[in-house]
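# Commentary on secondary and tertiary structure
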Amino acid sequence: MHSPNRFLKLTLPLLFALGLGIMATIGFALADEDEPIEISADSKQTDFKAGVATFRGDVDFRQGELQAFGEQADLQLENGQLVRAVLIGSPARFQQRDEQGELIKGQADTAEYEPAKNLLTLTGNARLDRAGDILRAPLITYNLATEVANAGDPESGERVTTTIAPRSKPQP
C-alpha cells in the first residue's frame, strides 16, 4: 500500500509547473504526465527577462485527472528551470485520483513549491483529504525527497486536527 503522501510526491511538482511546460525532475509515475496541460485564467502576464509568469483570475489547471483551481498562480524561473511556484486562492484547491482510484483533495490559502528544496508548503487553512482521512492545520510542509510531512504552526495558536475514517475489515 502506498503512503498517503504519495499523491503529493507524484503530482504537486506537476501542479506548480503551470503553463510553461516545465516538468519538475521529481519522480513521476503517473500517466497524466503524458496528457496535455490546459490552463485558463482571466489573464496571464509573462516577463521573459525576469523569468516570471503570473496567471490571474479564476485560474483553472487541468492535466489528465489532475485539477487545480486558484485566484492566482505565480511562477519564477531561472535558466529555464522552475525555482518557485505559488498558487493563491480562497482557497487554492487541487484534486486527483491516486493509483488505487481514491480521490485525493487538498486546499490552502497559499501553496508554495520550491523544487531545489523538494519542499511544498501549504499555508493558511491547509487541508488534505484522502479515503475519508482528513488533515487540517494552519501550516503543512511536505518534503518530497524524504516524504516527511509536518503539520502545525505553534505561533498561530491553532491546533492540528486529524480525522481517520474507519476502515472495513477484510473478509476471511
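About the thresholds
Residues numbered from 1 in each chain as written. Predicted model: local features only at pLDDT ≥ 70, side-chain atom pairs only at ≥ 80, totals over all residues. Heavy atoms only, no water. Core = buried A, V, L, I, M, F, W, Y, C linked by side-chain atoms within 4.5 Å. Buried < 20%, exposed > 50% of the residue type's maximum accessible area, 1.4 Å probe, protein only. Helix = DSSP H or I, 4+ residues; strand = E, 2+ residues; numbered from the N terminus. pLDDT = per-residue confidence, 0-100. Contact = heavy atoms within 4.5 Å.

Turning our attention to the nonpolar core. Among the nonpolar cores identified, the biggest contains 25 residues, and L75, L87, L120, L122 and I140 are the most heavily contacted of them. Residue assignment for this core shows that the elements contributing at least two residues are β3 (52-63), β4 (66-78), β5 (81-97), β6 (103-114), β7 (119-130) and β8 (133-143).

Moving on: the confidence of the model for the protein. Here the protein averages 77 in pLDDT, and 78% of its residues register 70 or above. At the low end of the mean pLDDT range in the protein sits helix α1 (residues 6-15), at 42; at the high end sits strand β2 (residues 43-47), at 95. Contacts of residues 1-31 to residues separated by more than four positions or lying in other chains number 85 contacts, the stretch itself having pLDDT below 50.

This part is about unusual backbone geometry. Note: most residues except glycine have negative phi, and most peptide bonds are trans. Geometrically, the link from S90 to P91 is a cis peptide bond, its omega value of 0° lying close to zero. As for its placement among the helices and strands, P91 is situated in strand β5. Backbone geometry places D58, a non-glycine residue, at a positive phi of 50°. Considering the arrangement of structural elements, one finds D58 in strand β3. Phi at N125 takes a positive value of approximately 55°, unusual for a residue other than glycine. Its location among the elements puts N125 in strand β7.

Relative to the helices and strands, L119 resides in strand β7. Once the C-alpha coordinates of L119 and L144 are considered, the two residues, 25 residues apart in sequence, prove to be 6.2 Å apart. Beyond its immediate stretch of four places on either side in the chain, L119 contacts E112, Y113, E114, T141, Y142, N143 and L144.

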